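Listed here are the chains, written in short residue letters.
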Number of protein chains: 2
Amino acid sequence: MSITQEKKYKSLTEETAISFLQQLGYLENEVCECVEIGDGNLNLVFQIKAVGKEKGYIVKQALPYAKVVGESWPLTIKRATIESQAIELYNKLIPEFVPKFYHHDEEQAITVIEDLSDLDILRKGLILGESYPLLPKHIGEFLATTLFYTSDFGASPARKKELEKLFNNPELCDITEGLVFTDPFFNSETNNFEDELKNVVQEIWDDEELQVEVAKLKLGFFTKKEALIHADLHTGSIFTSSSETKVIDPEFAFVGPVGFDLGQIQANLLFQVFTRLENKKEILDSLVEIEKVFNETFTNLWKEHTEYPLNKKAVLHTTLDNYWIDAIGVIGCELIRRSIGLAHVEDVESLPLARRLVVKKRILQFGVTCIKNRFKIRNIETLTRELEV
Amino acid sequence: MSITQEKKYKSLTEETAISFLQQLGYLENEVCECVEIGDGNLNLVFQIKAVGKEKGYIVKQALPYAKVVGESWPLTIKRATIESQAIELYNKLIPEFVPKFYHHDEEQAITVIEDLSDLDILRKGLILGESYPLLPKHIGEFLATTLFYTSDFGASPARKKELEKLFNNPELCDITEGLVFTDPFFNSETNNFEDELKNVVQEIWDDEELQVEVAKLKLGFFTKKEALIHADLHTGSIFTSSSETKVIDPEFAFVGPVGFDLGQIQANLLFQVFTRLENKKEILDSLVEIEKVFNETFTNLWKEHTEYPLNKKAVLHTTLDNYWIDAIGVIGCELIRRSIGLAHVEDVESLPLARRLVVKKRILQFGVTCIKNRFKIRNIETLTRELEV
């Protein structure tokens, strides 16, 4: 199989990307605009539009390697198939919150989806101080719907095991296992932080209680097969506007702990609470609303769909509680790894050094609190109260 | 694939079983004895021996259906591949406690292994009052070794995910999900119990607290991917003697909760505590010794093999505690389902009616206690003290 893949796989250029679309019948012999807009680290991303047409296409091709901060390592192009399977599945479950899916070519690792460039990337919009009042509702519904229907509450046992097989994703899980749950917590070469943070970081590495709790969270990431999670749901994976929300890039998807998705998006919104000077409350309210909408939507779906014996209310409540306890832990890991690990966030990195150091220290401290006290904090409402103090 | 399988698949007879072995070169043109010793419910099992040779072979072929108590339903023959993969893996990990593996034919669903008929089936031996002093040590070591090396403590993340894919076993999991965690707890047609137990059984079906706890255990069976478990480790799946122990029949194997294996073997030994009139203490001591040997062996393996960040002692302790809490819950489910569900055990069924009813009531009551109080009981030593009272 892999030999065939290597033979047929060929990197697209702007020209071959257009002819690929033409051969599929999505473009006639029109004059086209084509721009490569990927960052070149993981994927080639071509934005293609017939001149005069309003909506275009994205032709995305996985590269057989990953580049992050100068480092480069080989990376399976099978992730393109995982991604396209997830986009297709999301389109069946909740099409309003994902790009339209047009085509996938497994051997060439190419996926064709709707062009969403008329929308903002959520992270960039938030940094500019934009407001997206519908975002919490949309994200809460997206999470509840995709996670419910791929959990044991909403999927048959056979379907759930099929999902586990389809989304067996060792290479991309490995990245998360390392970058989120391991490297930031010891003196790993992959870490990257300001010299001025050395003492604070050393405290994290020396904190035995923290080390144990992070190890437990990592073990949970390995063992909890609760639902098909997106597994890379940060604010750079969401396109948005005042009326629309679209979740993209599910190449990390696998059947894993629900709390990972819940925690990752919350953590990435939290960076705004630490970095912005005004309208912090808007973000805090969003966090709480995502939790509320998620719990309500998940509960409503559960009422309609769940069969004996999982149809016991106490089971639902315990499950939701556990999702959020995990989420608080993941928030802690994500806050810490985005501050001192390999991959940082623009929200924080764009601050001038002096303020960045102050902000990072607060973020790190709060991250540690989340990890250690997740069983006391238990939910986002309590967590945001800790931040208001 | 499935079309090909149907075409090539052909049930063996005593004659074709012999020629199958001859073609593989395991037998020359010797005079052979061949007896079909399967119970005909799931598999054909041929015991084949060249006349005059001491050791023979077992040629086991999966049937494309399952028959239990008169009912018959189609069942994938892929389970033969799962079983042979597990036997091969066990042979690498701890060959002294499993039959030798010779050959597997996927299309014909045939596995050739060592003949163990010189040993006793543990359940039958225990019913006859035999003692197997080395059994607890062997079973504890078998469990600790096979479970450790297929858990996240002993397997690399990539290897663990490969195991999840190789042992994706929806059809056989479905049987366990139904027969152990669902059917005995409501008025299912599959249940089978004495009329005189109606009131006691109705109490189980009406017990809301119990219903919730069983649902949580079932959810755990769905979601906890802790290690490759045997998943059918009762006393009929173990051959034994005063010096040897061999675990057979891992066709239910999948990556699931460690507590399932721990609990299932303990429950099946417990039936002897309820049914025998003397030497109960011997069985109770065995239960405690299995736990002790398991914990010690697992801990020793963990010390040598586990990498950062799972190498924290507190993580090991929490994990072992959780395994045994799950195990206590599984003991409860297994005790109940073997008493009133579809598949019973000879230990109990061979008792005369009057005594059987008394014994079953005690078993059911104790099963309920285990499920409800597993977080208080926590380990086998405490559990056996409850029984001595």
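Computed from a predicted model, the values in this text were never measured in an experiment.

What counts and what doesn't
- Residues numbered from 1 in each chain as written.
- Chains lettered and ligands numbered in written order.
- Predicted model: local features only at pLDDT ≥ 70, side-chain atom pairs only at ≥ 80, totals over all residues.
- Heavy atoms only, no water.
- Helix = DSSP H or I, 4+ residues; strand = E, 2+ residues; numbered from the N terminus.
- Rg over C-alpha atoms; globule rule 2.2 N^0.38 Å.
- Contact = heavy atoms within 4.5 Å.
- Areas by Shrake-Rupley, 256 points an atom, 1.4 Å probe, with all protein chains shown as cover.
- Pairing = 2+ DSSP bridges.
- Axes fitted to C-alpha atoms, helices over the stretch in contact; angles between N-to-C directions.
- Buried area = accessible area lost by both parts, 1.4 Å probe.
- Salt bridge = Lys/Arg side-chain N within 4 Å of Asp/Glu carboxyl O.
- Buried < 20%, exposed > 50% of the residue type's maximum accessible area, 1.4 Å probe, protein only.
- Arc of directions from axis to C-beta.
- Phe/Tyr/Trp six-rings, centres within 6.5 Å; stacked < 30°, edge-to-face > 60°.
- Parallel < 35°, antiparallel > 145°, perpendicular 65-115°, else oblique.
- Left-handed = near helix turned anticlockwise from the far one by under 90°.
- Nonpolar A, V, L, I, M, F, W, Y, C, P; charged D, E, K, R; others polar.
- Least-squares fit on C-alpha atoms with pLDDT ≥ 70 in both.
- Domains from an automatic or database assignment.
- Polar contact = N/O pair within 3.5 Å; in protein donor to acceptor, adjacent residues only side chain to side chain.

**As for the overall build of chain A**
From N to C terminus, chain A includes 16 helices and 12 strands. On C-alpha atoms alone, chain A measures out to a radius of gyration of 21 Å, which is about the 21 Å that the 2.2 N^0.38 rule sets for 389 residues. With respect to the three principal axes, the spread of C-alpha positions in chain A is 60 × 55 × 45 Å. Nonlocal contacts in chain A, meaning residues at least 24 apart in sequence, comprise 72% of its contacts between residues at least 6 apart. Split by element, the accessible area of chain A, about 16100 Å² in all, is 50% carbon and sulfur.

**Observations concerning the sheet that holds strand S8 (residues 120-121) of chain B**
Residue and element names in this part refer to chain B. Strand order across the open sheet formed by 3 strands is S8-S10-S11, with antiparallel pairing between neighbours. The sheet is open, and its two edges are formed by S8 and strand S11 (245-247), each paired on a single side. Examined bridge by bridge, strand S10 (residues 238-240) and S11 share 3 bridges and lie antiparallel to one another. By the bridge assignment, Phe239 is partnered in S11 with Lys246. Against the sheet, helix H5 (residues 135-149) touches S10 and S11, its axis set at about 40° to S11.

**Quick word on the interface of chain A and chain B**
Between chain A and chain B, the contact holds 36 residues from the first and 36 residues from the second. Summing both partners gives a buried area of about 3100 Å² for chain A against chain B, and 67% of it is carried by carbon and sulfur. Of all residues in chain A, the largest losses of buried area upon contact with chain B belong to A:Lys161, A:Phe222 and A:Tyr308, amounting jointly to 19% of the total for that side. Taken together, the links from chain A to chain B amount to 6 salt bridges. In this structure, A:Lys161 and B:Glu177 form a salt bridge, with 2.8 Å as the shortest nitrogen-oxygen distance.

**Structural notes on the side chain of B:Lys312**
Position of B:Lys312 relative to the elements: it lies in the loop between helix H11 (280-305) and helix H12 (313-340). Assessed through its relative accessible area of 14%, B:Lys312 is described here as buried. In this view, B:Lys312 contacts A:Glu208, A:Gln211, A:Val212, A:Ala215 and B:Trp302; residues no more than four positions away in its chain are not counted.

**Some details on helix H2 (residues 14-24) of chain A**
Residue and element names in this part refer to chain A. Looking at H2, one finds that the buried residues are Ala17, Ile18, Phe20 and Leu21. All buried residues of H2 project into a common sector of 155° when viewed along the axis, lining one side. In H2, the exposed residues that point more than 90 degrees away from the buried face are Glu15 and Gln23. Looking at the residues trailing H2, positive phi occurs at Gly25, about 90°.

**Structural notes on the packing of aromatic side chains**
As enumerated under the stated definition, the model contains 34 aromatic pairs over all chains in all. Both rings, one in A:Phe193 and one in A:Trp205, keep their centres 6.1 Å apart while their planes meet at 70°; by these two values the pair is edge-to-face. Residue A:Phe193 is located in the loop between helix H7 (170-181) and helix H8 (198-206), and its partner A:Trp205 is located in helix H8; the two are separated by 12 residues in the primary sequence. Residue A:Trp205 is classed as buried on the basis of its relative accessible area of 16%. Residues B:Tyr26 and B:Tyr57 carry aromatic rings whose centres are separated by 5.5 Å and whose planes lie at 50° to one another, so their mutual orientation is tilted.

**Focus on the packing of helix H7 (residues 170-181) of chain B against helix H9 (residues 208-223) of chain B**
Residue and element names in this part refer to chain B. Viewed as axis vectors pointing N to C, H7 and H9 meet at an angle of 165°, and their least axial separation amounts to 11 Å. Comparing their axes, H9 and H7 come out roughly antiparallel. Considering how the two elements wind past one another, H7 and H9 form a crossing that is right-handed. Contact residues: H7 offers Cys173, Thr176, Glu177 and Phe181, while H9 offers Val214, Leu217, Lys218, Phe221 and Phe222. The residue makeup of the contact of H7 with H9, split by class, is 6 nonpolar, 1 polar and 2 charged.

**Describing the pattern of salt bridges**
A side chain of one charge can pair with a side chain of the opposite charge if their charged atoms are brought near each other. All chains considered together, the criterion is met by 60 salt bridges over all chains. If you follow the salt bridges from partner to partner, you end up with A:Lys60, A:Arg79, A:Glu83, A:Asp249 and A:Glu251 in one network.

**Side note on the pairing of strand S3 (residues 57-62) of chain A**
Regular strands have side chains that alternate between both faces of the sheet. Residue and element names in this part refer to chain A. The buried fraction of S3 amounts to 6 of the 6 residues, a majority that puts the element mostly inside the structure. Burial along S3 is two-sided: Tyr57, Val59 and Gln61 and Ile58, Lys60 and Ala62, pointing in opposite directions, are all buried. Pairing of strand S2 (residues 43-50) with S3 involves 6 bridges; the strand directions are antiparallel. Paired with Leu44 across the bridge in S3 is Gln61.

**Structural notes on the relation of the copies chain A and chain B**
In screw terms, the move from chain A to chain B is a rotation of 180° and a rise of 0.0 Å along the axis, fitting with an RMSD of 0.0 Å. What we have between these two chains is a two-fold relation. Counting the interface residues of chain A, we find that 100% of their copies in chain B are interface residues as well, pointing to one common contact surface.

**Quick notes on the sheet that holds strand S7 (residues 110-114) of chain A**
Residue and element names in this part refer to chain A. Read across the sheet, 5 strands follow the order S1-S2-S3-S7-S6 without closing on themselves; strand pairing throughout is antiparallel. Two strands bound the open sheet, and with one partner strand each, they are strand S1 (32-36) and strand S6 (101-105). With strand direction ignored, the average angle separating the axes of adjacent strands in the sheet is 15°. Relative to the sheet, helix H3 (residues 79-93) contacts S2, S3, S6 and S7, its axis offset from that of S6 by approximately 155°.

**Concerning the domain arrangement of chain A**
Residue and element names in this part refer to chain A. Structurally, chain A comprises domain 1 (2-114) and domain 2 (120-388). Distance from the C-alpha centre of domain 1 to the C-alpha centre of domain 2: 27 Å. Facing 25 residues of domain 1, the contacting portion of domain 2 comprises 29 residues. In this assembly, domain 1 packs against domain 2 so that about 2300 Å² is buried in total across both faces, 70% of it on carbon and sulfur atoms. The largest contributions to the domain 1 side of the interface with domain 2 come from Ile82, Tyr90 and Phe97, which together make up 30% of the buried area. If you look at where domain 1 meets domain 2, you find 3 salt bridges. Residues Glu251 and Arg79 are paired through a salt bridge, measuring 3.3 Å at the closest nitrogen-oxygen approach. Linking domain 1 with domain 2 are 7 residue pairs in polar contact (both at pLDDT 80 or more), by the criterion used here. Contributions of two or more residues to the side of domain 1 that touches domain 2 are made by strand S5 (71-74) and H3. The greatest single-element share of the side of domain 1 that touches domain 2, amounting to 9 residues, is contributed by H3. Tallied by class, residues from the side of domain 1 that touches domain 2 come to 16 nonpolar, 3 polar and 6 charged.

**So, the packing of H7(B) against H12(B)**
Residue and element names in this part refer to chain B. Contact geometry of H7 with H12 gives a least axis separation of 8 Å together with a crossing angle of 80°. As summarised for this structure, H7 and H12 are arranged roughly perpendicular, according to the angle between their axes. Between H7, through Leu179, Val180 and Phe181, and H12, the contact on the second element is made entirely by Val330, Cys333, Glu334 and Arg337. In the contact of H7 with H12, the residues fall into 5 nonpolar, no polar and 2 charged.

**Focus: the side chain of A:Lys60**
Residues and elements named next belong to chain A. By the secondary structure assignment, Lys60 is in strand S3. Within the structure, the side chain of Lys60 is placed 2.6 Å from the side chain of Asp249, a separation counted as a polar contact. Other than its neighbours up to four places away in sequence, Lys60 contacts Asn43, Leu44, Val45, Glu83, Ala109, Ile110, Thr111, Asp249 and Glu251.

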